[in-house]
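Close look at the chain arrangement
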Amino acid sequence: MKIGEIAARTGVSIRSLRYYDQLGLLTPIRRENGYREYSPLAEEQVRTIQLYLNLGLSTEQIAGFLHCVLKNKEAFCQEVLPIYRQKLTEIEAQIYLLQNIKLNLEERISSILDERQTSEAEE
(Lines give C-alpha, C1' and ligand atoms only; values in the text may rest on other atoms or scores of the structure.)
Protein backbone atom coordinates (compact mmCIF):
# COMPACT_ATOMS: atom_id res chain seq x y z
CA MET A 1 0.00 0.00 0.00
CA LYS A 2 1.34 3.45 -0.91
CA ILE A 3 1.62 6.37 1.50
CA GLY A 4 -1.41 8.19 0.03
CA GLU A 5 -3.58 5.12 0.49
CA ILE A 6 -2.61 4.59 4.13
CA ALA A 7 -3.09 8.32 4.75
CA ALA A 8 -6.61 8.13 3.30
CA ARG A 9 -7.49 4.96 5.23
CA THR A 10 -6.29 6.27 8.59
CA GLY A 11 -6.93 10.00 8.29
CA VAL A 12 -3.29 10.69 9.16
CA SER A 13 -1.39 13.17 7.00
CA ILE A 14 1.37 12.04 4.67
CA ARG A 15 3.71 14.36 6.55
CA SER A 16 2.93 12.56 9.84
CA LEU A 17 3.45 9.17 8.22
CA ARG A 18 6.85 10.27 6.97
CA TYR A 19 7.66 11.50 10.48
CA TYR A 20 6.63 8.13 11.99
CA ASP A 21 8.92 6.48 9.43
CA GLN A 22 11.78 8.80 10.44
CA LEU A 23 11.32 7.83 14.10
CA GLY A 24 11.15 4.13 13.31
CA LEU A 25 7.52 3.81 14.40
CA LEU A 26 6.65 2.61 10.90
CA THR A 27 9.01 0.68 8.68
CA PRO A 28 7.85 0.69 5.07
CA ILE A 29 9.77 -1.02 2.32
CA ARG A 30 11.57 1.39 0.00
CA ARG A 31 11.08 0.71 -3.69
CA GLU A 32 13.81 1.37 -6.26
CA ASN A 33 12.04 4.60 -7.21
CA GLY A 34 12.21 5.77 -3.55
CA TYR A 35 8.50 5.30 -2.91
CA ARG A 36 7.41 3.85 0.40
CA GLU A 37 5.42 0.63 0.31
CA TYR A 38 3.49 -0.24 3.48
CA SER A 39 2.44 -3.69 4.60
CA PRO A 40 -1.22 -4.44 5.34
CA LEU A 41 -0.35 -4.30 9.07
CA ALA A 42 0.75 -0.66 8.77
CA GLU A 43 -2.84 0.56 9.02
CA GLU A 44 -3.16 -1.07 12.45
CA GLN A 45 0.21 0.36 13.48
CA VAL A 46 -0.87 3.89 12.52
CA ARG A 47 -4.14 3.53 14.41
CA THR A 48 -2.23 2.29 17.46
CA ILE A 49 0.16 5.25 17.24
CA GLN A 50 -2.84 7.60 17.04
CA LEU A 51 -4.43 5.96 20.10
CA TYR A 52 -1.32 6.65 22.16
CA LEU A 53 -0.94 10.19 20.82
CA ASN A 54 -4.55 10.81 21.85
CA LEU A 55 -3.59 9.71 25.38
CA GLY A 56 -1.12 12.59 25.38
CA LEU A 57 2.00 10.48 24.97
CA SER A 58 4.93 11.71 22.91
CA THR A 59 6.24 9.85 19.90
CA GLU A 60 9.42 9.17 21.88
CA GLN A 61 7.40 7.51 24.65
CA ILE A 62 5.42 5.52 22.10
CA ALA A 63 8.61 4.36 20.41
CA GLY A 64 9.68 2.82 23.72
CA PHE A 65 6.88 0.26 23.74
CA LEU A 66 5.13 0.25 20.35
CA HIS A 67 6.76 -2.91 19.05
CA CYS A 68 5.83 -4.75 22.25
CA VAL A 69 2.14 -3.74 22.15
CA LEU A 70 1.87 -4.63 18.49
CA LYS A 71 3.06 -8.16 19.28
CA ASN A 72 1.48 -8.66 22.74
CA LYS A 73 -1.38 -7.39 24.82
CA GLU A 74 -0.62 -4.06 26.47
CA ALA A 75 -0.78 -5.70 29.91
CA PHE A 76 2.26 -7.81 29.06
CA CYS A 77 4.47 -4.87 28.06
CA GLN A 78 6.36 -3.74 31.14
CA GLU A 79 7.31 -0.41 29.57
CA VAL A 80 3.69 0.81 29.34
CA LEU A 81 2.59 1.15 32.97
CA PRO A 82 5.44 3.46 34.12
CA ILE A 83 4.78 5.75 31.17
CA TYR A 84 1.04 5.82 31.93
CA ARG A 85 1.76 6.64 35.57
CA GLN A 86 4.18 9.40 34.60
CA LYS A 87 1.65 10.91 32.21
CA LEU A 88 -1.10 10.74 34.84
CA THR A 89 1.17 12.57 37.32
CA GLU A 90 1.85 15.27 34.70
CA ILE A 91 -1.87 15.67 34.01
CA GLU A 92 -2.69 15.92 37.71
CA ALA A 93 -0.07 18.68 38.07
CA GLN A 94 -1.57 20.52 35.10
CA ILE A 95 -5.07 20.21 36.58
CA TYR A 96 -3.83 21.60 39.90
CA LEU A 97 -2.19 24.54 38.13
CA LEU A 98 -5.29 25.21 36.04
CA GLN A 99 -7.53 25.08 39.12
CA ASN A 100 -5.35 27.72 40.78
CA ILE A 101 -5.44 29.90 37.67
CA LYS A 102 -9.23 29.50 37.56
CA LEU A 103 -9.55 30.56 41.21
CA ASN A 104 -7.35 33.60 40.61
CA LEU A 105 -9.42 34.62 37.59
CA GLU A 106 -12.67 34.16 39.52
CA GLU A 107 -11.28 36.36 42.31
CA ARG A 108 -10.22 39.05 39.82
CA ILE A 109 -13.65 39.00 38.14
CA SER A 110 -15.39 39.23 41.50
CA SER A 111 -13.12 42.10 42.56
CA ILE A 112 -13.83 44.02 39.35
CA LEU A 113 -17.59 43.51 39.65
CA ASP A 114 -17.54 44.56 43.33
CA GLU A 115 -15.59 47.70 42.46
CA ARG A 116 -18.04 48.57 39.70
CA GLN A 117 -21.00 48.05 42.04
CA THR A 118 -19.42 50.25 44.68
CA SER A 119 -18.66 52.94 42.12
CA GLU A 120 -22.23 52.87 40.74
CA ALA A 121 -23.71 53.04 44.26
CA GLU A 122 -21.67 56.15 45.04
CA GLU A 123 -23.01 57.97 41.97
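Refer to the structure presented above.
Owing to the predicted nature of the structure, the values given are computational and were not obtained by experimental measurement.

The next thing to look at is the overall build of the protein. Along the protein, the regular secondary structure elements total 6 helices and 2 strands. Ordered by position from N to C terminus, the α and β elements of the protein give α-α-β-β-α-α-α-α. Overall, the C-alpha framework of the protein stretches about 85 × 35 × 20 Å when taken along its three principal axes. Counting across all 123 residues of the protein, residues that qualify as buried make up 27%.

Tallied over the entire structure, the rule returns 1 disulfide. Disulfide pairing is shown between C68 and C77; the S-S distance is 2.1 Å. Between C68 and C77, the S-S dihedral sits near -100°, and the bridge is therefore left-handed. Residue C68 shares its accessibility class with C77, and that shared class is buried.

The next point concerns the environment of N72. Note on placement: N72 falls in the loop between α5 (66–71) and α6 (80–122). N72 sits in the partly exposed class, given a relative accessible area of 39%. Counting along the chain gives 12 residues from N72 to Y84, while the straight-line C-alpha distance between them is 17 Å.

Ranked by size, the top nonpolar core spans 23 residues in total, and within it I6, L17, Y20, L26, Y38, F65 and V69 carry the most contacts. Those elements giving two or more residues to this core turn out to be α1 (3–10), α2 (14–23), α3 (42–54), α5 and α6. With 4 residues, the single largest contributor to this core is α3. Look past the residues within four positions of L17 in its chain and what remains in contact with it is I3, I6, A7, V12, L26, Y38 and V46.

Here we take up a nonpolar patch on the surface. There is a patch of nonpolar side chains on the surface, built from L97, L98, I101 and L105 and spanning about 390 Å² of accessible area. Mapped onto the secondary structure, I101 falls in helix α6.

Across all of its chains, the model carries 7 salt bridges by this definition. The partner of E43 in a salt bridge is R9, and the shortest N-O contact between them spans 3.0 Å. Linking E43 in helix α3 with R9 in helix α1, this pair joins segments that are 34 residues apart in sequence. The partner of D21 in a salt bridge is R36, with the nearest N and O atoms 2.8 Å apart. With D21 in helix α2 and R36 in strand β2 (residues 36–37), this pair connects stretches of sequence that are 15 residues apart.

Reading the values: the criteria
- Residues numbered from 1 in each chain as written.
- Predicted model: local features only at pLDDT ≥ 70, side-chain atom pairs only at ≥ 80, totals over all residues.
- Heavy atoms only, no water.
- Helix = DSSP H or I, 4+ residues; strand = E, 2+ residues; numbered from the N terminus.
- Buried < 20%, exposed > 50% of the residue type's maximum accessible area, 1.4 Å probe, protein only.
- Disulfide = S-S within 2.5 Å.
- Core = buried A, V, L, I, M, F, W, Y, C linked by side-chain atoms within 4.5 Å.
- Contact = heavy atoms within 4.5 Å.
- Patch = residues over 30% accessible without salt bridge, like charges linked within 9 Å, V, L, I, M, F, W, Y side chains within 5 Å.
- Areas by Shrake-Rupley, 256 points an atom, 1.4 Å probe, with all protein chains shown as cover.
- Salt bridge = Lys/Arg side-chain N within 4 Å of Asp/Glu carboxyl O.

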